[in-house]
Amino acid sequence: MAKNKKKKELDWFDHPQNIRRLRNGFYIVLVLLVLPDFFLHKHHLFSTVESWPGFYALFGFVACVAIIVVSKLLGNLLKREEDYYDRR
Amino acid sequence: MTAASLHPSVLFFIGAALVLVLPLWGRRATILLAPAAAFLIITQLPTGESWHYSMLGFDLNMLRVDKLSKAFGYVFTINAFGCFLFAQHLKDRYEHIAALCYIGASLGAVFAGDLISLYFFWEIMAITSTFLVLARRTAAAYGAAYRYVMMHIFGGLCLLAGILLQVEASGSVAFDGFSLQGLPTYLILIGFLINAAAYPFSTWLSDAYPEATVTGGVIMTAYTTKTAVYTLIRGFAGWEILIAVGCFMAIYGIIYAILENDMRRILAFSIMNQVGFMICGIGIGTSLAISGAVAHAFCHIIYKALLWMSAGSVLYMTGKSKCTELGGLYKTMPWTMIFGTVGALAISSFPLFSGYTSKPMIIEAGVHEGFFWVWLILEIASAGVFLHAGIKFPYFVFFAKDNGLRPGEPPKHMLAAMALFAFICIFLGVYPQPLYDILPYPVDFHAYTLEHTLNQFQLLAFSALAFFMLLPLLKRTNTISIRIDWVFRKGGKLFYRFCQWAFDGINERANRIFAQEFPGLLARFFEEPGGNLQKYGYRLWVETSGIDDQQEQVAGRIDSRSRSAAYPVGVGVLLAVVILALASWLLYLR
């Protein structure tokens, strides 16, 4: 391993075909995670919506999109140049 | 000497004294032995109160041992051991001394049996931790340390005022659950919340920690906020205001972490987010929530230290900490990347990692109480944690765009420390029972039900999908984000400028009137006192009587007479008469 490192460094993520494989694998995992929901009887805590198939998948996705969009909008207000506090 | 008569903090203070005199190998051994010995002592401590002493007529004790203080004692010493293993390369005696005293003081605060002992250790923590920031020796660190210590002095004063009022009102220095809501307890609460980095007293954390030294940053992440979590559990369990405070912190931390560019500042914001979960649990206050908060504090300390270690290794090896300057480091730092990713998965409460066996307890406690909003916000925050700490931190540091940096792995002791903590993260994620056994209340909580695990996997996997789909929006920029400290950082400058304008204005006007114009006026008058007096008198007479045909000639005559000194009476006599008249008017007529 130590010898290999000197000769050739890790560059697995530099190859587009690897990224493509990774992405396809990720999509398959996503589908596999939602599939069991159609066969399981799920409990709900507050509303029957929660027991719909893929509720948590949708919840996670929507929550993250909302967080990113809100952060981005707030960023327009809050972001400053790095020397903001040093300037007079 | 039995374990019962030894206080775990004492070992750290003795260690600090030894570090001052010992050569390098001795220092290296001391900083590892002190936390290890303290851990062993804590395992042997019998429940109860000891180390009694008397002050100001109060019976105080420094060592209160119960399940709650022991749980924090365990994690504080385990973490200290790992952090000092990480810091073995450090030769600076003073940084080690500050760190040892800081950890010793936080153990002292955790085991303090009354408010006065607590305050004593609280202040030592504030002061010693400041030196861990100062030790970075950069201008930015000095500024951040200054703001840090000012904030903590303010918090300490709030706490002190609250304690004094509380003692006055209740006649007791006991530090147990506060039942009375009033000024004393609110002041104590504010004091605690400042150390917990609750909004709006939160800026010191994200300000100072990223400016601390490589090892100082790792050490600081655990103690100040988690000591505050401990004191909040002890004093304010079930205070519902804390639910709102905690929920707000959980979201606040995420939004700022997403905007942030500095990798250690991203992790600093995520401390606020995680402490938000704990404070929320304290606010819920049921036995499951409290146990959940303690369990989460335990796991959080370990995985957060691990994350800071991996970020610290990157900073140590590259000298850089901005995401815009990093990237592609997996090529030459694969172990650091793996350990950092373990920490990132643990903080995201990924199944099989430690966050998953602790955080859901808090959420479930909220669900048991029927708090819909708490459930909603904490679930959103859970997704957000994965977004900012779980993916963003490893992605931008170790992958993303290759910036051409080719550092090697950090020194072996750093890797060993990270390996130790990565092991604990996975161990507690797979087999949490040892952790559940030390919690203050027995827990009946099963993280690994098929449904719950599947839900969590869905939540996290689709959060990751959102991250990669919106990656263009998350592009790092060379910016900072303004926070509430804008009020005193820019506000302070504005206030300074206002004062400059107001007081310099007054000063200048006073200077013009009293130092220049008024003496000039007097000088002109006394040049020709007789003539001037006559002239003004004549002008006054002209204005009141309305006869002004000869004004010019009369003024000319007065002038020429005055210049040639042709008055019938001398100037001196005239002035004497005027003064006498004035004096008699003042003394008799008035």
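Residues numbered from 1 in each chain as written. Chains lettered and ligands numbered in written order. Predicted model: local features only at pLDDT ≥ 70, side-chain atom pairs only at ≥ 80, totals over all residues. Heavy atoms only, no water.

(A) Just the interface of chain A and chain B, in detail. The interface is formed by 49 residues belonging to chain A together with 57 residues belonging to chain B. A buried area of about 4,900 Å², summed over both sides, lies between chain A and chain B, and 71% of it is on carbon and sulfur atoms. When the buried area of chain A at its contact with chain B is split by residue, A:Phe46, A:Glu82 and A:Tyr85 rank highest and sum to 16% of it. Across the contact surface, chain A and chain B share two salt bridges. Here A:Asp14 ties to B:Lys331 by a salt bridge, and the two come within 2.6 Å at their closest N and O atoms. Applying the counting criterion to the chain A and chain B interface returns 13 residue pairs in polar contact (both at pLDDT 80 or more). The set of elements that each furnish at least two residues to the side of chain A that touches chain B consists of helix 2 (16–34), helix 3 (55–78) and strand 1 (79–81) of chain A. Top element by residues in the side of chain A that touches chain B is helix 3 of chain A. It accounts for 18 residues. Its residues placed into classes, the side of chain A that touches chain B shows 28 nonpolar, six polar and 15 charged. Direction of pairing for strand 1 of chain A relative to strand 3 (residues 479–481) of chain B: antiparallel, over a ladder of three bridges. (Contact = heavy atoms within 4.5 Å. Buried area = accessible area lost by both parts, 1.4 Å probe. Salt bridge = Lys/Arg side-chain N within 4 Å of Asp/Glu carboxyl O. Polar contact = N/O pair within 3.5 Å; in protein donor to acceptor, adjacent residues only side chain to side chain. Helix = DSSP H or I, 4+ residues; strand = E, 2+ residues; numbered from the N terminus. Nonpolar A, V, L, I, M, F, W, Y, C, P; charged D, E, K, R; others polar. Pairing = 2+ DSSP bridges.)

(B) Just the pattern of salt bridges, in detail. Residues and elements named next belong to chain B. Counted according to the given criterion, the structure contains twelve salt bridges over all chains. Between Asp207 and Arg147 there is a salt bridge whose closest N-O contact spans 2.6 Å. One end of the pair, Asp207, is in helix 8 (residues 203–208); the other, Arg147, is in helix 6 (residues 139–170), and 60 residues separate them in sequence. The salt bridge involving Arg265 is made with Glu211; its shortest N-O contact spans 3.2 Å.

(C) Representation of the environment of B:Met317 within the structure. Residues and elements named next belong to chain B. Within the secondary structure, Met317 is located in helix 12 (residues 287–318). Residues Met317 and Ile424, spaced 107 residues apart in sequence, show a C-alpha to C-alpha distance of 25 Å. For Met317, the contacting residues outside a window of four places in its chain are Met333, Pro407, Gly408, Glu409, Pro410 and Pro411.

(D) Structural detail: the pairing of strand 1 (residues 48–55) of chain B. All names here are of chain B. In this structure, strand 1 lies alongside strand 2 (residues 58–65), joined through seven bridges in antiparallel fashion. In the sheet register, Tyr53 faces strand 2, and the bridge partner there is Leu60. In sequence, strand 1 turns back onto strand 2 through a hairpin of two residues, with Leu56 there showing a positive phi of about 55 degrees.

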